[in-house]
Structure formats: C-alpha cells, structure tokens
Number of protein chains: 2
Amino acid sequence: MKIAIAQINPIIGDLPGNAAKILCAAQKAATAGARLLLTPELSLCGYPPRDLLLNPSFVEAMHISLQQLVKDLPPNLAVLVGTVEENLQAQNNGEKPLFNSMALLDNGIKQVFHKRLLPTYDVFDECRYFEAGLQANYFTLDDIDIGVTICEDLWNDEEFWGKRSYTKNPIADLAILGVDFIVNLSASPYSVHKQQFRETMLRHSAVRFQQPLIYANQVGGNDDLIFDGRSFALNRQGELICRARGFETDLVIVEFDEVQRDLLPSTVVAEYESEDEEIWHALVLGVRDYAQKCRFSQVVLGLSGGIDSSLVAAIATAALGKENVFGVLMPSPYSSEHSITDALALGESLGIKTTTLPIGQLMQGYDNTLADLFAGTQFGLAEENIQSRIRGNLLMAIANKFGYLLLSTGNKSEMAVGYCTLYGDMNGGLAVIADVPKTRVYSICHWLNQEGGEGDKGRGGEKISSSSHKQIIPENVLTKAPSAELKPGQVDQDSLPPYEILDDILQRLIHNHQSAAQIVDAGHDTQIVDRVIQMVARAEFKRRQAPPGLKITDRAFGTGWRMPIASNWFAVKNTYQSKTIPIHN
Amino acid sequence: MKIAIAQINPIIGDLPGNAAKILCAAQKAATAGARLLLTPELSLCGYPPRDLLLNPSFVEAMHISLQQLVKDLPPNLAVLVGTVEENLQAQNNGEKPLFNSMALLDNGIKQVFHKRLLPTYDVFDECRYFEAGLQANYFTLDDIDIGVTICEDLWNDEEFWGKRSYTKNPIADLAILGVDFIVNLSASPYSVHKQQFRETMLRHSAVRFQQPLIYANQVGGNDDLIFDGRSFALNRQGELICRARGFETDLVIVEFDEVQRDLLPSTVVAEYESEDEEIWHALVLGVRDYAQKCRFSQVVLGLSGGIDSSLVAAIATAALGKENVFGVLMPSPYSSEHSITDALALGESLGIKTTTLPIGQLMQGYDNTLADLFAGTQFGLAEENIQSRIRGNLLMAIANKFGYLLLSTGNKSEMAVGYCTLYGDMNGGLAVIADVPKTRVYSICHWLNQEGGEGDKGRGGEKISSSSHKQIIPENVLTKAPSAELKPGQVDQDSLPPYEILDDILQRLIHNHQSAAQIVDAGHDTQIVDRVIQMVARAEFKRRQAPPGLKITDRAFGTGWRMPIASNWFAVKNTYQSKTIPIHN
C-alpha cells in the first residue's frame, strides 16, 4: 500500500483554498497510485485557527467544506483531513465544545478521530477550545490496521522524556491493539533543533513499540509561527526511510510492504548543514508567507548600515525578490559616514532599490516645537527616541502610501532588554529577527557570506547575489562596533554588556528559567545579572506592543510569552512606593 | 464566630508587599475579634501571575513568604492565604506542575486546598499552569465545618446555567458533606453586570444547597484587568447580608451564629445607581492602579477637543488628581477652531495643566522630506496618518522627558474597525477606554455631567470639578459630530456607519459570535455588515500592537482576544491571490 503525505501550506481560515490544496494533493497522490493520503493537523482550517473556533459559523463552514471535499476527491483514495468536530456531550458532561479531529474520507466520511493529548503551554492553547479524545484511534484499510495520532499524541513517551506530561500514552494503546503502522498528523512549529528532536523522539517510540511511524507536518508561516514541514517516516526498526523537504510544500510517498509488514525505503531529503542555514530558510519562509497571506507583494525597511537591518534586507530579498524590497536610509547629524556607505553597499549587493531621506530638518522641527516645554533640560533619552520615531513615521508613510509591508529589524537581545524605541525602530507589520539573538545574527550573516547567496538556490528560493564570490553583507557591517547612532559616538556597549555575555544571561533567564543566583553561579557578574534582569522586566510594556516576531526558539516573545507588565517580582528592591523609577522609559 | 474578609489590592509578584497587606488586614481583623480571615485567590502573589509561575524561583519565594507570614500573624486568627503548591505527582502522573491553592494558616500551615475548576477561556489560562484538585475542600475550626472553594469552583451550577461547564460541582460535594458554611476565595475581574450576575448565581446555589456563602474578591487593576472587589455574603436563605465596597480595598466582618447555624446581617454597601457610574469607577481604578503599580505619579495625554480624550482626561483627573494630569493640544491646519476652544474649556473645567504645540511646521517638514518620493500622488491615508504620528511622537517625547505615563484615548468602536492610527493616536502605556464602545463613551459623559464631578466623592477618589453645578465635559464636545480632523471637513460618519448602528453590529459580532447572516437578520444592512466585518478583520494587526486596554466587558480586545492576523476567514470573497488589498492599511 502506498501512502502519500501532503505537506501543504494552508492559510488560516481559508476553507475553500485549503480544501483546494488538499484536493490537488489528492489528485497527484491518486495518479501516483497511493491508497491513503495524509494531511496535517487541522488541515482544512490551518493551524492555529485560535479564536476563530469560537464562532459557530466557522465550525459550520468547516462541516460544509468537508462535505464538499468528500464529493470532489478521486475514487479509491482514502484521505485523512484535519477538522474540528462538535462535542455533542459537552453541555451534559461539562466538557469543552469541540474536538481537534481527523476525518477519514473514503467515499464518504468513514470515521472521525479525536486528538487525545492537548498541548496547553508555550504558544499552544488547546484546552481553551478542545476536549480530549478518550479512545485509541485506528482504522482498517484493505486489511491493514492503521493507528491514528494527532501531533501531541506522540509527545508523551515517558521512557524517552524521563517523565510523563499527560496521563495517557496513545502509542502504547495502539501498540497493544497491534496495528500495522501508526500515522501522526501534525502542525508542529519550527524551532532550532526541533527536527533532530522529533526524529530522535519518534525513533525511540518506533523501536520501543515496534511500530512503523509516518509523521506528516504542516509547512508555512502563520503570523509568528513557522511550520517547517520535514515530514518523515521510520520503519519498524526506527530507521529513517523518508524525509520531505524543509520549509516548502511537498508531496512524498512511502510504501507499506504487506509481506514484510514494514515501510520500504523512500526519498530522504538531506538535513541542513548548519543551524544558521536552517534558521535562514525558516526566516525566509516566515517573511514570504506573512507578506503573501496578508496580501502584500512588496516590503519596505530602514537601512541603518547595521547588521540587523542588513540581515533583514537579505532575508526579504530571498523571500520576495530584489524588485520587491525597498530600503530607506535616514541619516541624522549623528550618523557616521560608514552608516551610509555600508547601507548603500548592502543595497547594491542585494540589488534592491534604496532612497535616502535625511532627518536633520525634522529633528530641528521637533526641537523647535518642544523648545519652550523642554527649556532647561538636557539632551537625553527623549531626544534619542524622537529620531527613531521620525524614522518610524517616515517608513510607515511610505508603507501606507505605496501599500508596502514594513518590516522591523530588531533582534531578540535588544527586544529582551528594551534597547529599542517603541513607535520608532520597533514599527512594522512583522518583526523578522525578533527571536534571533544578536550573536546568532552575526553567525547567520557569516554563513550567508560564505554561501555567497547560494543559500536558497535549489530550494525554491532565489539566489540573492549576482556573483557567488561576492559577500552579501559588507565586511564593515560585520566588523564595526554595533551602534544605535542616536547621539555622537554612541555604541551599544555603552549601555549593554558585550553581546556574548548578554546573550548567555538571556538564554539562562528566558529559556532556562534560572534565578539571578543560578546565573551568577554560572560565572556571571552579580551587578550585570541584576541589571539585565531589571531591563528585561522593565521592557515588558514595549514587547506587549511589538509586532509579531518570527519564532525560531523554544521560548519566543510573542503569543507564548505571557508576562504581567505592572509587576514587582523582578524588582531587586521593593521600590514601587518611591515612584522615582517608572517602568516605562 | 466572626469571619473577616480582607478585600486587598495586591501587586503582581510583590510577595513581601502583598504579605504585608495580608498581615495588616489580619491585625485589624484580630482586633475586631475575628477568628477567621479570608483573602482573595492567589493573594500572596496577586492574580493573575501569568508566566511568572514558570519560574521555579518564584514558586520557591512564595513558600518562603508563606512561612514568614505564619510567624508574623497574630495568634488565635486563622487565615486563608492564596498561594501555589507544587504537584509532587506531576511527573509520575503526567499532570501540570502546580496547584492553585489556599493555605490555612493557624499557628502553622494547617491544611492546603486545591482549586478544582480551572478556567481556560477568555483571559484565563489556568490549564497552562495548574492541575485541578480532586477533593472536596473543608476544614473544622472551633467545631464549625467550613467548606473552601476557589473562584471558578462555584461557577458550575448546572441548574443555574442550564448546562455544565465542568464535570464536577464542588458545592454539591460540600453540601453532601454537610459543612456549616462555604467560603469562596476569588479573583474575579470586573465587567458590566458581573456583580449582579455573581449575586444572582450564588443566591441560587445558596438556596439550592441550603448553604451560607461568603465570597471574598480581589480588588485593584492589574494591567488590562480590573478587579472590582464587592465581596459579599449570603445567608442560608440566599439573602444578601453583607456587601463590601466596589473598586476599593475594604475589610468587612460577618458573623456566623452557632445557634442559628447561619450568617447574621451585616453591612451592605449600596449598588451603583447606573452602569455608567459603575464603569466610571472601574476605569478610575484601572488608571490609578496601572500608573501606581508601574511607578508613575503623572500622566500625559493629547486633548483633541473630542469626546474620547475629554473622558480620558476626566478619568485620569479623578484617578490621580488634577495636578498630575497634563493635556497637550496639537492643532493642525485642518483642526477646527472648536477643537482648540473645546479642549481648553475641558482643561479649565478639570483644572489640569495644558499646553499647545501646533504641528503645521512638522507636517511641512514631512511633506518636504517625502516630496520627491511622493511626487505625483494624492493626499490620502498616508498623509492623514503622518499627522497622527507627529502627535504620537510629541506625546512620547514629553512622556520620556518628564517621566509621565502616556494614556491613549481610543474607544472600542474605533479599535474594532481600525479607525485609529498605529504609532499615532494609539500610542500609550494604557488604553483607558479601549473596551468602551463609542455610544457608551457618550452615556458616561452625560452621567458625569449630571453628577457634576461628584461621582467619586466619598469613595476615596476626589471631586473633579470645582463647582457641582458646572458641567465637566463641555456641551459642544457632547453635541458636535465626531471627527478625526485629519483632512478638511472630515467627520467619522464619512467612513463609518452611525455609531448606534456600528456598536450594535460590533456587539453581535464580537460578543455574541453572530455570523453576517444573523446580523443581517437582526435588521442591519447587508453591505454595512459585510464592510464592518471586513474592517474588524483587517484591523487585527493594529490591535495586536495596541497598549493594554482596561477590560469592562465580557469580550475585550486584549489578553482574552486571540485572533490570527494572516487569516482569510472573514474575507467575503477569496481575494488573497489578487494581492491588491493589503490587510494592513
């Protein structure tokens, strides 16, 4: 029996469009002789549909779309389609109103399976909407017994994890039933290391339960979440016999041999050579999909000559094509000469259009307007922020005028400590590298220069440099000291610890939930640690108003980061009564 | 037995400060002869602590604070303190790592009770952190059996609701055990009608189960959530025998008569005379607490002469005092004469400081800077937004320079349809009336003028007008047509349906989850309904970047509103491939 995996890229809520994508895959699968087609979790509506699920008309429309799909599908192809099913016992039993389900379509809706383990952590809110299914899910097709699991259902192998995260382990139940193989229909967002982790984890389960496993994942960017695809299959010995492409749609076919009772070797797409390469492809997809799904063809961004905006420009160019990226230089009297030459060199290297709009006159205009009110005060943070906000206003004016999407260019290190201006450089519809620490920004740029812009070649993207020998990010951008250039001679390290130190502290604080004492024990300076913790806490009000940022780590600021603003926990001393240190600055 | 309710206002994460508040209440309660003191849900850390709960050091610090509190409490007073308890079986059983608990302190930690029903809807994420308790919770004090429930535990009376929301009903379990009375320790956020609903619901339970009930609620603003207090008690017949103050801290005492086996009549604070009055007090508290808990003593806001900024200025004045509110007029060449005179009249009426910063010169500066780039284009949305963003930049400059909190003044109707400028008039640390529909803005202002600024008198606030006969909101503000004044002669109704119609459509769409067809069936015009639905969907990217907005309804934009941005559900036609209508505008 041939089983096809439709690694599709749905648009959230676009039921007819997503059904068309499933149908297209089904036709190809049928042509290729497949008997069963797998689609990702909630493939009909796209994952995550979030509060659209609270609309009864949305749920009803899914039923109608599913019924239509049943009619349109080719004969002799069974298809597992992700959908929601109403929980008819909800009000009697005191349960949630929906199930996160997979419908087996095979000349009609033959069976409906409910997801059993509902993730409610990080970016996942499934207990908000869904009741957990109680039964082991399987069906029989041409005398082959196929176990069905939905995403998280396979993420609770207590042997692998050394602990349980849920009471049940669905794969154990299916193994007891003695199914022939198990499919897992997923919408698993990307983060660094995630694919290696998935393959290692499922290999453990395949071997432990002697079960061939076929894992079908969604692909595509949906707001902050990037789904990486890379669907794969393991045979009964846990060997990888198939891997689909990363960060692209794909249709792959695996074959279950009815004599050997196992999956046969199939196509295995190679892994990326480095984390930097992998993250690059993730971010390119994230930008492309956010733009296209929000119906933009062109983007605009500010080019400061710094490394952050240089990387974002390169990502946007790879995502949308050089003719669709517009870079704006906005020098002030405090800008260095190299900020202009470096930005222009980058623009030339990428082949994108640029323009230069000096902001000196506007700075003078604000100075004049505020002169009486600010008389007798010193140049400070207020004046620095005015510059950033002039730039933000110019960029939004351009975005509004020409229908461009504005990309913001702040990295995770500065989002963490608030080294950024709200309504200034934070402006944008999408924060491309908001989950990329500064040290990683450098390593991706170095990788990009080594690749010479070939990074995306052969993977559906486009080469972003005209010569493979030319470095894309100008050398000076990589070597000069980072600076916001909001006052004369300013460099980041006047205000922040060196980025290697800062990023390590942030990793421990944000990802590892370490206390100040634990971070100091790891070798960091007490005063620096306390200061970083304070800065992170005080920047919460800025992060709350930040654009969606593409998530590439296991703990991103965004939908999975839920912190109070008016909180006193991170205050080293209880100074809240003194009223001298406002949290916002 | 005398039972005291400590209606305290905790700061999130401020363990020493909150413990001090509990201790202070305990000393007063002991002096008054109470044997038992009730405090709100999670009183030690404040509700909601959100992702602070993911930090092991935070949980550990709560244990230490609780141990210290045990030592400090007066003798002969038992105290129920809200805290979290580690779930020691979590990893073995596949459960969440914490319980939402109440500790009974009475010369040591005598018992710990776990919340049984965990709300995971709207703004609540309790399944993200907590495992549900399984046992009926009660204790015996001086031979009186007291049932313990925590907030949601009493919100599942299937007789009252006509359905179950959870499998268990803790009050039914306690009634079977035959306790003498039941306490409910809550952190229940305010919304319009909520108190009447609570009292009606618990009256039903009191009567049904023949149980006296004592309900202790948190008070205070925590980011977007306003907790209204209004703790109350019902005797065995369901009669209201006590009600504490609304929107203020309070300490009230009720007495359980051991002969009658019932609660005796106590102080009942009167209800508000109107919804407008109640909302006014909610918003005043929300502003005061957000400012103080973020360590601000002064606020700044733009005064346009319109009704929204007028109401916000009045709220801020009542919250922080007229000497702490700074109003900024920023007229443009498109501003009407009355926009200035009305704003100045309001400033005078409130007695707040104002300044006037004309923006014409800055508009000219942007025009000059963008002249080449925008050559040949028409004045439009881009130019309108520039004006709003100049104002936003000036306000933030003032906020940054003087350490003021900027308040934003947009109402819910315009936040819904996106009739507001991101990085412009949306700027601010707190969106004061973001959950108040425009029609309600008018009714609150009319109420305020009738009250003549006496609204807050006698409730801990201050009178905001020097004469009780003078109307606070100038008459012209109430009667003129609303306008953004971003181009000559513009009024809101050029772009929007009349607010009575718009607000009714929004209520049906946002609160009642009605479909377009249902809203049309209710008597609205099809084209208007479709257009409003489109506008609401397309404004999602703006709302995602909005400041926290004070929640006063059962469905606010904010932490309980979780919508995708790049979604195609609300598109009437599937136009996403045309790329002609960007979602952001």
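This is a predicted model, so every value here is computed, not measured.

**What to know about the overall build of chain A**
Helices and strands together make up the secondary structure of chain A, namely 18 helices and 20 strands. Taken over the C-alpha trace, chain A has a radius of gyration of 26 Å; the compact-globule value for 585 residues is 25 Å, and the two agree within 12%. C-alpha extents for chain A along the principal axes are approximately 85 × 55 × 45 Å. Contacts in chain A between residues far apart in sequence, at least 24 positions, make up 74% of those at least 6 positions apart. Counting only carbon and sulfur atoms, one obtains 50% of the accessible surface of chain A, whose full area is about 19,700 Å². The average position of the 51 basic charges and that of the 69 acidic charges among the side chains of chain A differ by 3 Å.

**Regarding the interface of chain B and chain A**
Residue-level contacts link 111 residues of chain B with 111 residues of chain A. For the pair chain B and chain A, the summed buried area comes to about 9,800 Å², and 58% of that belongs to carbon and sulfur atoms. The interface formed by chain B and chain A contains eight salt bridges. The closest approach of N and O atoms between B:Asp223 and A:Arg544, which form a salt bridge, is 3.6 Å. In this structure, the connection of chain B to chain A is made through 47 residue pairs in polar contact (both at pLDDT 80 or more).

**Considerations on the relation of the copies chain B and chain A**
Two copies of a chain can be linked by a rotation about an axis combined with a shift along that same axis. With an axial shift of 0.0 Å and an RMSD of 0.0 Å, the rotation relating chain B to chain A amounts to 180°. Such values leave the two copies arranged in the relation of a two-fold axis. Of the C-alpha atoms belonging to chain B, the one lying closest to the rotation axis is found on B:Gln545, 2.1 Å away.

**Describing the UniProt feature "binding site: L-glutamine" (unreviewed entry) in chain A**
Summarizing the sequence annotation, UniProt attributes the feature "binding site: L-glutamine" (unreviewed entry) to A:Tyr121, A:Ser188 and A:Lys194 in the numbering used throughout. Relative to the elements of secondary structure, A:Tyr121 occurs in the loop between strand S5 (109-114) and strand S6 (138-141). Not counting chain neighbours up to four residues away, the residues in contact with A:Tyr121 comprise A:Glu152, A:Tyr166, B:Lys96 and B:Arg128. When sequence neighbours within four positions are dropped, the list of residues in contact with A:Ser188 reads A:Cys151, A:Trp155, A:Lys194, A:Arg198, A:Tyr215, A:Asn217, A:Phe227 and A:Asp228.

**Some remarks on the UniProt feature "binding site: ATP" (unreviewed entry) in chain A**
All names here are of chain A. Mapped onto this numbering, the UniProt entry gives "binding site: ATP" (unreviewed entry) at Gly-302, Leu-303, Ser-304, Gly-305, Gly-306, Ile-307, Asp-308, Ser-309 and Thr-409. The greatest C-alpha distance among the residues just named is 11.9 Å, despite their covering 108 residues of sequence, which places them together in space. Structurally, Leu-303 is set in the loop between strand S16 (299-302) and helix H8 (307-320). Setting aside anything within four residues of it in sequence, one finds Leu-303 in contact with Ser-309, Ala-313, Gly-327, Val-328, Leu-329, Ala-343, Leu-346, Ile-352 and Thr-354. Note on placement: Ile-307 falls in helix H8. With residues up to four places along the chain from it excluded, the contact list for Ile-307 reads Lys-438, Val-441, Tyr-442, Cys-445, Val-477 and Leu-478.

**Thoughts on the packing of helix H15 (residues 499-511) of chain A against helix H17 (residues 526-538) of chain A**
Residue and element names in this part refer to chain A. Two elements in contact, H15 and H17, have axes separated by 11 Å at closest approach and are oriented at 65°. The two elements H15 and H17 meet at a crossing, and its hand is right-handed. Contacts between H15 and H17 involve Leu-502, Ile-505, Leu-506 and Leu-509 from the former and Ile-528, Val-529, Val-532, Ile-533 and Val-536 from the latter. The class makeup of the residues in the contact of H15 with H17 is nine nonpolar, no polar and no charged.

**Digging into the sheet that holds strand S12 (residues 232-234) of chain A**
Residues and elements named next belong to chain A. Strand order in the open sheet formed by six strands is S6-S7-S8-S9-S12-S13, with mixed pairing between adjacent strands. Each edge of the sheet is formed by a strand with only one pairing partner; in this case those strands are S6 and strand S13 (240-243). The average undirected angle you get between the axes of adjacent strands in this sheet is 20°. The strands touched by helix H5 (residues 170-177) are S6, strand S7 (144-150), strand S8 (181-186) and strand S9 (213-217); relative to S7, the strand with the most contacts, the crossing angle is about 170°.

**Concerning the side chain of B:Asp106**
All names here are of chain B. Here Asp-106 lies in the loop between strand S4 (98-105) and strand S5 (109-114). Side-chain polar atoms of Asp-106 contact the side chain of Arg-35, separated by 3.3 Å. Not counting residues within four places of it along the chain, the set of residues in contact with Asp-106 comprises Arg-35, Leu-77, Ala-78 and Leu-141.

**Some points on the domain arrangement of chain A**
Residues and elements named next belong to chain A. As assigned here, chain A comprises domain 1 (2-271) and domain 2 (277-489). Once you take the C-alpha centre of each, domain 1 and domain 2 turn out to be 38 Å apart. Contacts between the two partners involve 19 residues from domain 1 and, on the opposite side, 14 residues from domain 2. When the two sides are added together, the surface that domain 1 and domain 2 hide from each other amounts to roughly 1,200 Å², 54% of it contributed by carbon and sulfur.

**Some remarks on H8(A)**
Residues and elements named next belong to chain A. With 14 residues, H8 should reach 20 Å at 1.5 Å per residue; the first-to-last C-alpha distance of 20 Å fits that figure. Across the 14 residues of H8, 14 count as buried, placing the element largely inside the fold. Of the residues trailing H8, Gly-321 is marked for its positive phi of about 95°.

**Some details on the pattern of salt bridges**
Inspection of every chain in the model, using the stated rule, returns 68 salt bridges over all chains. Of the charged contacts in the structure, one is a salt bridge between B:Arg555 and A:Asp51, with a shortest N-O distance of 3.2 Å. Of this pair, B:Arg555 sits in the segment after helix H18 (540-544) while A:Asp51 sits in the loop between strand S2 (36-38) and helix H2 (56-72), placing the two residues on different chains. Each member of the pair, B:Arg555 as well as A:Asp51, is classed as buried. Notably, a salt bridge pairs B:Arg543 with B:Glu540, separated by 2.7 Å at the nearest N-O pair. A residue pair is termed a helical-turn pair when its members lie 3 or 4 positions apart in one helix, as B:Arg543 and B:Glu540 do in helix H18 at three residues. Taking the relative accessible area as the measure of exposure, B:Arg543 reaches 8% and is therefore buried. Taking the relative accessible area as the measure of exposure, B:Glu540 reaches 5% and is therefore buried.

**Let's talk about empty space enclosed by the protein**
On inspection of all chains with the given rule, the structure shows 12 cavities of 30 Å³ or more. Taken as a whole, the largest cavity spans an internal volume of roughly 790 Å³. Taken together, 35 residues form the lining of the largest cavity, with A:Arg544, A:Gly558, B:Arg544, B:Gly558 and B:Thr559 sitting closest to its centre. Looking at the lining of the largest cavity, the elements that each hand over two or more residues are helix H18 (540-544) of chain A together with H18 of chain B. Broken down by class, the residue content of the lining of the largest cavity amounts to 16 nonpolar, six polar and 13 charged. The volume enclosed by the second largest cavity comes to roughly 270 Å³. The wall of the second largest cavity is formed by 22 residues, among which A:Val536, A:Ala537, A:Met563, A:Phe570 and B:Leu52 lie closest to the centre. A total of four residues in the lining of the second largest cavity trace back to one element, the largest contributor, which is H17(A). Classifying every residue of the lining of the second largest cavity by side-chain character gives 12 nonpolar, five polar and five charged.

Parameters at a glance
- Within each chain, residue numbers correspond to sequence positions counted from 1 in written order.
- In the order they appear in the text, chains get letters beginning with A and ligands get numbers beginning with 1.
- Per-residue local features are limited, in this predicted model, to residues with pLDDT of at least 70; the limit for side-chain atom pairs, both in listing and counting, is 80 or more; totals at the level of whole chains, interfaces and linings are taken over all residues.
- Remark: hydrogens and water are excluded; side-chain values derive from all non-hydrogen atoms of the structure.
- A run of H or I in DSSP counts as a helix once it spans at least four residues, and a run of E counts as a strand once it spans at least two, with each numbered from the N terminus.
- Atoms counted for the radius of gyration: C-alpha only. Globule rule: 2.2 Å times residue count to the power 0.38.
- The criterion used for residue contact is that any of the two residues' heavy atoms lie within 4.5 Å.
- Every accessible area reported is derived by Shrake-Rupley at a probe size of 1.4 Å, with residue values counting cover from the shown protein chains alone.
- In this tally, Lys and Arg are treated as positive and Asp and Glu as negative; His is ignored, and so are the chain termini.
- Just so you know, the charge point we use is NZ for Lys, CZ for Arg, CG for Asp and CD for Glu.
- Buried area, as used here, totals the accessible surface that two parts lose on assembly, with accessibility defined by a 1.4 Å probe and the loss added over both.
- Here, a salt bridge means any Lys or Arg side-chain nitrogen found within 4 Å of an Asp or Glu carboxyl oxygen.
- The definition of a polar contact used here is a pair of N or O atoms within 3.5 Å, where within protein one atom must be able to donate a hydrogen and the other to accept one, and adjacent residues in sequence count solely through side-chain atom pairs.
- Residues below a pLDDT of 70 in either copy are left out; the C-alpha atoms of the rest, at least 70 in both, set the least-squares superposition of the copies.
- UniProt positions are given in the numbering used here, feature names are shortened, and annotations may be inferred rather than shown by experiment.
- Fitting a line to C-alpha atoms yields each axis, with helices limited to the stretch in contact; the angle taken between N-to-C directions then spans 0 to 180 degrees.
- For any helix crossing, the convention is left-handed if the near helix is rotated counterclockwise from the far helix by under a right angle, and right-handed if that rotation is clockwise.
- Three categories are distinguished: nonpolar for Ala, Val, Leu, Ile, Met, Phe, Trp, Tyr, Cys and Pro, charged for Asp, Glu, Lys and Arg, and polar for the others, with Gly belonging to the last.
- When DSSP finds two or more bridges between a pair of strands, those strands are recorded as paired.
- Boundary definitions for the domains trace back to an automatic or database domain assignment.
- Expected helix span is taken as 1.5 Å per residue step, with the number of steps being one fewer than the number of residues.
- Only protein chains enter the accessibility calculation, which uses a 1.4 Å probe. A residue is then buried if its area is under 20% of the maximum for its type, exposed if over 50%, and partly exposed in between.
- Both cavities and pockets are sets of points on a 1 Å grid over the protein atoms alone; in a cavity a 1.4 Å probe fits but cannot get out, in a pocket the set is open with protein on both sides within 12 Å along at least five of seven lines, and lining residues sit with an atom within 4 Å of a point.
- Grid points are joined across faces, edges and corners, and a volume is the space filled by probe spheres set on the points.

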